Amino acid sequence: MEVTCLLLLALIPFHCRGQGVYAPAQAQIMHAGQACVVKEDNISERVYTIREGDTLVLQCLVTGHPRPQVRWTKTAGSASDKFQETSVFNETLRIERIARTQGGRYYCKAENGVGVPAIKSIRVDVQYLDEPVLTVHQTVSDVRGNFYQEKTVFLRCTVNSNPPARFIWKRGSDTLSHSQDNGVDIYEPLYTQGETKVLKLKNLRPQDYASYSCQVSVRNVCGIPDKAVSFQLTNTTAPPALKLSVNETLVVNPGENVTVQCLLTGGDPLPQLQWSHGPGPLPLGALAQGGTLSIPSVQARDSGYYNCTATNNVGNPAKKTVNLLVRSMKNATFQITPDVIKESENIQLGQDLKLSCHVDAVPQEKVTYQWFKNGKPARMSKRLLVTRNDPELPAVTSSLELIDLHFSDYGTYLCVASFPGAPVPDLSVEVNISSETVPPTISVPKGRAVVTVREGSPAELQCEVRGKPRPPVLWSRVDKEAALLPSGLPLEETPDGKLRLERVSRDMSGTYRCQTARYNGFNVRQREAQVQLNVQFPPEVEPGSQDVRQALGRPVLLRCSLLRGSPQRIASAVWRFKGQLLPPPPAVPVAAEAPDHSELRLDAVTRESSGSYECSVSNDVGSAACLFQVSAKAYSPEFYFDTPNPTRSHKLSKNYSYVLQWTQREPDAVDPVLNYRLSVRQLNQHNALVKAIPVRRVEKGQLLEYILTDLRVPHSYEVRLTPYTTFGAGDMASRIIHYTEHNTCHFEDEKICGYTQDLTDNFDWTRQNALTQNPKRSPNTGPPTDISGTPEGYYMFIETSRPRELGDRARLVSPLYNASAKFYCVSFFYHMYGKHIGSLNLLVRSRSKGALDTHAWSLSGNKGNVWQQAHVPINPSGPFQIIFEGVRGSGYLGDIAIDDVTLKKGECPRKQMDPNKVVVMPGSGAPRQPLPQLWGPVATFLLALQR
């Protein structure tokens with residue numbers, strides 16, 4: 001059960017600061033992933049170099065108030081791990097297993113509605129090295145003057161890499177160089193894909209028959225290892241050669257089993273064989289084993305080109321192609337063409353007439369056609385001609401021409417298409433020629449020129465065709481350029497003239513064209529008509545949802561507007577309050593245009609009139625609602641995230657305090673805020689500590705502050721803040737606050753705040769306290785305790801006893817900090833006691849232009865058996881680390897220690913402490929002001945009340 005305790009008195013001072021904390025967004029891109037290096041190139045462009053397959057992590061550090069929203073995008077694509085799919089709305093962009101295609105320029109856009117958005121960019125360079133490919137080419141030239149042949153071999157090594165690869169050629173174990181003898185030449189050819197180096201062996205000699213290797217390297221950039229490929233050159237080395245067991249064009253019947261063999265006739269080393277099909281993959285059930293391709297029960301859909309390719313990296317691949325044709329016929333059509341010379345569109349006695357017949361067949365040229373009249377074979381005569389391949393008609397079309405049409409030529413004509421001797425069924429088409437055979441007309445039935453339906457319903461568009469024979473009707477869109485029909489086709493054929501649409505949508509509205517086809521009917525000018533489709537859909541309104549705030553007693557006007565709909569008008573508008581029907585608003589005058597909005601006026605906001613209002617708008621097709629939440633409650637506070645060093649730790653009590661700052665969003669929109677209700681709960685705990693914080697008049701942009709104390713290290717807390725006005729509780733805001741050890745590091749944890757030992761130094765720093773000290777340690781050097789004076793407190797020190805020598809260095813390196821301020825101050829305590837004390841140096845390692853270490857502070861010699869404090873100002877230009885370097889002096893009495901390292905934004909205290917000035921160690925007997933306590937006494941008091 002959660003215990004909520006309300007404290008009515010403020011025990012910690014509450015501060016209000018001046019105006020103007022609203023600030024536009026500022027952004028800075030930092031890396032936190034597996035970057036090889038972040039550098040500036042010649043044009044001062046930030047470049048993030050990463051190995052392909054590693055994890056890319058970019059952080060967009062933002063400042064500004066209110067807290068800016070961050071969006072990542074990428075040039076010519078999207079910033080996401082799936083790439084080119086969506087933008088990433090997060091301060092951290094993370095791409096697992098980054099690919100080379102995901103390199104490019106990434107943009108971080110931060111905006112908070114104040115001023116212009118902040119946009120920063122960084123170029124991501126993905127490094128990779130593929131496996132190299134080695135191919136061999138040879139030429140033979142006949143020099144007739146001296147009666148000999150010269151044989152030249154080219155070994156071509158190609159690789160894809162970033163950065164460009166370096167090539168090393170070897171013969172056996174010997175490295176080859178350009179022009180090291182008359183028979184060797186190494187060069188880079190022009191116009192090649194990828195990076196290529198060619199080893200040319202001129203006028204091949206016996207010693208040139210050897211094992212060659214090509215080694216490629218990117219000089220271990222990003223830890224990418226070198227790669228190599230080898231080839232054994234012999235006097236039998238030859239490119240592949242092929243032959244097929246069948247003709248290059250293979251015609252088969254459907255249902256047959258097809259086997260094609262691709263036979264090797266040459267090649268050393270032994271070539272590899274591979275079958276492919278175009279277009280598309282090999283058919284289902286097809287089996288390719290070595291050079292044999294088997295397709296069981298072949299079907300018409302299996303027709304196409306089958307390619308057999310042999311490769312052995314010598315010369316060009318050998319390729320043989322089989323064009324497999326599976327006999328098939330479909331789509332038998334006919335055309336009636338009146339006398340073309342006389343430009344007639346009707347059949348007339350005494351004029352010429354042509355009947356045409358066509359089928360789509362494979363192979364097309366093997367189709368034969370036969371014409372019949374009234375069931376008998378048509379006989380050729382001077383007036384009856386049968387032709388093939390009319391240039392005005394599709395290829396392999398049979399035409400029967402009637403010259404000077406007579407009455408006796410009327411009758412029924414039958415065209416039969418067949419594959420002689422093949423088990424493929426014949427196709428036939430019949431056409432009747434008589435005085436009743438007339439060209440088509442097309443029209444829209446009465447009342448069907450405009451079709452109106454509701455969205456989601458079916459629709460039927462109809463055109464009527466008259467004539468004999470009746471051709472099919474072709475449908476297309478008119479009013480949208482290159483628009484497709486709902487079927488996804490630009491043109492759709494309907495045998496009955498009806499275009500049926502299922503579940504129409506609003507984008508289907510428009511004009512549709514119906515026209516007669518020029519096949520299965522007269523081959524004349526197409527007749528056409530048009531049908532208008534209107535799709536009605538419910539209204540769309542704005543606002544869909546709106547939060548309306550107003551002070552008590554003030555009026556409010558609610559307005560619901562029609563954005564779009566079909567029909568585009570408001571037929572009725574109904575207002576409800578908390579689900580209860582309200583009286584209708586004043587009607588619009590009859591002479592006025594159809595209204596496009598509805599309004600409701602509240603004379604005064606009260607507690608009783610606060611709540612949910614709904615305006616339901618209808619256009620006789622459907623309805624939509626505007627929702628209004630009317631109240632006088634205050635908006636939520638806006639937490640301020642740019643507080644410098646909000647965490648303040650107290651080493652003795654293991655507690656920390658946190659400076660909580662916020663502004664009030666739109667404080668003048670409602671009644672003045674009287675106080676805030678603060679709730680603090682440790683994560684994973686149920687008990688919440690609650691306090692009322694009274695305030696005076698809160699202005700827009702005014703920064704409010706409250707110090708949370710007695711928070712336990714290293715726990716995190718949920719903070720909830722709710723404003724209260726005369727209306728009551730307003731909107732609550734919440735955030736999580738974390739204990740951040742990186743601001744002040746006491747070295748109490750074994751992870752030592754993320755500090756690491758430098759791998760390039762001579763020895764390491766040691767973490768210890770008074771309880772873990774070596775009893776046999778050297779006297780008269782090193783601190784007895786840490787800065788707190790307690791035996792449990794830890795610190796870092798260097799042990800200078802043997803085997804350490806003069807000048808040996810130990811380096812302690814901090815985590816990588818992202819520079820979000822211009823100036824920083826490094827504060828720390830040091831202990832340098834012993835007659836052999838060497839030096840303590842503070843260095844700053846800049847990561848903006850590679851790893852560059854610069855000295856920021858140094859101190860040498862014996863400074864006494866006391867802890868002393870130093871404040872060192874630094875101004876890093878980009879991501880940075882701080883390094884504590886201890887240098888061993890002339891003897892073993894030279895232990896150096898550090899403790900309580902703090903990194904703060906801003907400048908150091910103006911009064912710099914003299915390095916030789918003693919700082920009284922806590923626990924030494926000097927008086928110490930106790931830390932103010934908040935939660936402890938209060939909790940004790942509440943427990944007493946409960947008892």
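Here, the structure is the one placed above.
Residues numbered from 1 in each chain as written. Predicted model: local features only at pLDDT ≥ 70, side-chain atom pairs only at ≥ 80, totals over all residues. Heavy atoms only, no water.

Asker: Which parts of the structure should I look at to understand the overall build of the protein?
Answerer: In terms of regular secondary structure, the protein is built from one helix and 72 strands. The long-range share in the protein, meaning contacts at least 24 apart out of those at least 6 apart in sequence, stands at 70%. Accessible area for the protein stands at about 48800 Å²; split by element, carbon and sulfur atoms hold 50% of it. (Helix = DSSP H or I, 4+ residues; strand = E, 2+ residues; numbered from the N terminus. Contact = heavy atoms within 4.5 Å. Areas by Shrake-Rupley, 256 points an atom, 1.4 Å probe, with all protein chains shown as cover.)

Asker: Please clarify how the sheet that holds strand 8 (residues 92–95) should be interpreted in this entry.
Answerer: Strand pairing in a sheet relies on backbone hydrogen bonds, with the paired strands running either antiparallel or parallel. Pairing in this open sheet of three strands is antiparallel, and the strands run 3-6-8 from one edge to the other. Because the sheet does not close on itself, it has two edges, and the strands there are strand 3 (23–31) and strand 8. Across this sheet, the average inter-strand angle for adjacent strands is 15 degrees, counted without regard to direction. Of the strand pairs in this sheet, strand 3 and strand 6 (residues 56–65) are connected by seven bridges, and their pairing is antiparallel. Bridged to Ala 23 within strand 6 is His 65. (Pairing = 2+ DSSP bridges. Axes fitted to C-alpha atoms, helices over the stretch in contact; angles between N-to-C directions.)

Asker: Could you clarify how one ought to interpret the pattern of salt bridges in this entry?
Answerer: Oppositely charged side chains can form a pair if their charged atoms are brought close together. Scanning the model with the defined rule gives 37 salt bridges in all. A salt bridge links Glu 528 to Arg 513, with the nearest nitrogen and oxygen atoms 3.7 Å apart. Highlighted residues: Glu 528 in strand 45 (residues 528–542) and Arg 513 in strand 43 (residues 510–516), separated in sequence by 15 residues. Glu 528 gets classed as partly exposed once you look at its relative accessible area, which sits at 44%. (Salt bridge = Lys/Arg side-chain N within 4 Å of Asp/Glu carboxyl O. Buried < 20%, exposed > 50% of the residue type's maximum accessible area, 1.4 Å probe, protein only.)

Asker: Help me out: how do you make sense of the state of the cysteines in this one?
Answerer: Linking two cysteines covalently via their sulfur atoms produces the bond known as a disulfide. Counted by the stated rule, this structure contains eight disulfides. Across the disulfide, Cys 157 is cross-linked to Cys 214 (sulfur-sulfur distance 2.1 Å). Negative torsions about the S-S bond denote left-handed disulfides, and the value of about -85 degrees found for Cys 157 with Cys 214 makes this one left-handed. Taken together, the positions of Cys 157 in strand 12 (residues 148–159) and Cys 214 in strand 18 (residues 211–217) put the pair 57 residues apart, joining distant regions of the chain. An identical accessibility class is assigned to Cys 157 and Cys 214; each is buried. Sulfur-sulfur distance for the disulfide between Cys 560 and Cys 626 comes to 2.0 Å. The sign of the S-S torsion, about 70 degrees, decides the handedness of the disulfide formed by Cys 560 and Cys 626: right-handed. On the criterion of sequence distance, the pair formed by Cys 560 in strand 47 (residues 556–566) and Cys 626 in strand 52 (residues 623–631) is long-range, its members being 66 residues apart. Taking the relative accessible area as the measure of exposure, Cys 560 reaches 0% and is therefore buried. Looking at Cys 626, the relative accessible area reads 0%, which means it is buried. (Disulfide = S-S within 2.5 Å.)

Asker: What is the right way to look at the sheet that holds strand 29 (residues 353–362) in this model?
Answerer: Strand order in the open sheet made by the five strands is 32-33-29-28-44, with mixed pairing throughout. Across the chains shown, the open sheet's two edge strands, defined by having one partner strand only, are strand 32 (384–388) and strand 44 (521–522).

Asker: Can you help me understand empty space enclosed by the protein in this one?
Answerer: Where empty space is left in the structure can be found by rolling a water-sized probe over the atoms. Scanning all chains against the criterion turns up one cavity of 30 Å³ or more. By volume, the largest cavity amounts to about 30 Å³. Residue lining of the largest cavity: Val 260, Trp 275, Leu 293, Ile 295, Tyr 306, Val 322 and Leu 324, and that is the complete set. Elements with a minimum of two residues in the lining of the largest cavity: strand 25 (292–295) and strand 27 (318–326). Grouping the amino acids of the lining of the largest cavity by side-chain chemistry returns seven nonpolar, no polar and no charged. (1 Å grid on protein atoms, 1.4 Å probe; cavity = no way out; pocket = protein on both sides within 12 Å on 5 of 7 lines; lining within 4 Å. Points joined across faces, edges and corners; volume = space filled by probe spheres on them. Nonpolar A, V, L, I, M, F, W, Y, C, P; charged D, E, K, R; others polar.)

Asker: Where do I start with the side chain of Gln 335 in this structure?
Answerer: Along the chain, Gln 335 falls in strand 28 (residues 328–338). For Gln 335, a relative accessible area of 15% puts it in the buried group. A polar side-chain atom of Gln 335 sits 2.8 Å from the main-chain carbonyl oxygen of Arg 518. (Polar contact = N/O pair within 3.5 Å; in protein donor to acceptor, adjacent residues only side chain to side chain.)

Asker: Just to check I follow, could you spell out a nonpolar patch on the surface for this structure?
Answerer: Together, Met 380, Leu 385 and Val 386 give the surface a local cluster of nonpolar side chains, amounting to about 240 Å² of exposed area. Mapped onto the secondary structure, Leu 385 falls in strand 32. (Patch = residues over 30% accessible without salt bridge, like charges linked within 9 Å, V, L, I, M, F, W, Y side chains within 5 Å.)

Asker: Whenever I open this one, the side chain of Asn 312 confuses me. Can you help?
Answerer: Among the structural elements, Asn 312 can be located in the loop between strand 26 (304–311) and strand 27. Of the residues examined, Asn 312 reaches a relative accessible area of 7% and is grouped as buried. A polar side-chain atom of Asn 312 sits 3.0 Å from the main-chain carbonyl oxygen of Ala 238. In terms of polar contacts, Asn 312 uses its side chain to reach the backbone amide nitrogen of Val 314, at 3.1 Å. Beyond its immediate stretch of four places on either side in the chain, Asn 312 contacts Phe 231, Ala 238, Pro 239, Pro 240, Gly 267, Asp 268, Pro 269, Leu 270 and Pro 271.

Asker: Any chance you could explain the packing of aromatic side chains here in plain terms?
Answerer: Any aromatic ring pair is given by two values, namely how distant the centres are and how the planes are angled relative to each other. Within the structure shown, the criterion is met by 13 aromatic pairs. Taken together, a centroid distance of 5.4 Å and an interplanar angle of 65 degrees make the contact between Phe 407 and Tyr 410 edge-to-face. Residue classification places Tyr 410 among the buried positions, given a relative accessible area of 17%. Residues Tyr 830 and Trp 857 carry aromatic rings whose centres are separated by 5.6 Å and whose planes lie at 50 degrees to one another, so their mutual orientation is tilted. In this pair, Tyr 830 is assigned in strand 67 (residues 824–832) and Trp 857 in strand 69 (residues 852–860), connecting sequence segments 27 residues apart. By relative accessible area, which is 15% here, Trp 857 ends up buried. Residue placement shows Arg 506 over the ring face of Phe 537; its charged tip is 3.9 Å from the ring centre. (Phe/Tyr/Trp six-rings, centres within 6.5 Å; stacked < 30°, edge-to-face > 60°. Lys NZ or Arg CZ within 6 Å of the ring centre and 35° of its normal.)

Asker: How do you make sense of the pairing of strand 67 when you look at a structure like this?
Answerer: Each regular strand shows side chains that alternate between the opposite faces of the sheet. Among the nine residues that make up strand 67, nine are buried, leaving the element largely enclosed by the rest of the structure. Alternating residues of strand 67 divide into Tyr 824, Val 826, Phe 828, Tyr 830 and Met 832 and Cys 825, Ser 827, Phe 829 and His 831, and every residue in both groups is buried. Where strand 67 lies against strand 70 (residues 868–874), seven bridges are found, and the strand directions are antiparallel. Across the sheet, the residue bridging to Ser 827 is His 871, located in strand 70. Examined bridge by bridge, strand 67 and strand 72 (residues 896–905) share eight bridges and lie antiparallel to one another. In the strand pairing of strand 72, Phe 829 is matched with Asp 899.

Asker: Honestly, the nonpolar core in this entry has me stumped. Any pointers?
Answerer: Note that soluble globular proteins tend to have their nonpolar side chains buried in a common cluster. Tyr 755, Phe 828, Ile 882 and Phe 884 are the most contacted members of the largest nonpolar core, which has 34 residues in total. Of all elements in the fold, only strand 65 (795–798), strand 66 (809–813), strand 67, strand 68 (839–846), strand 69, strand 70, strand 71 (880–887) and strand 72 reach the threshold of two or more residues within this core. Counting residues per element, this core draws most heavily on strand 67, at five residues. Core analysis: the next-biggest nonpolar cluster, separate from the first, contains 29 residues, Leu 355, Ala 417, Val 429 and Phe 522 among them. (Core = buried A, V, L, I, M, F, W, Y, C linked by side-chain atoms within 4.5 Å.)

Asker: What am I meant to see in the environment of Ile 837 here?
Answerer: Its place among the elements puts Ile 837 in the loop between strand 67 and strand 68. A sequence separation of 58 residues divides Ile 837 from Asp 895, and the C-alpha atoms of the two residues are 6.7 Å apart. Sequence-distant contacts of Ile 837, defined by excluding residues within four places in its chain, comprise Met 832, Gly 861, Asn 862, Gly 889, Leu 893, Gly 894, Asp 895 and Ile 896.

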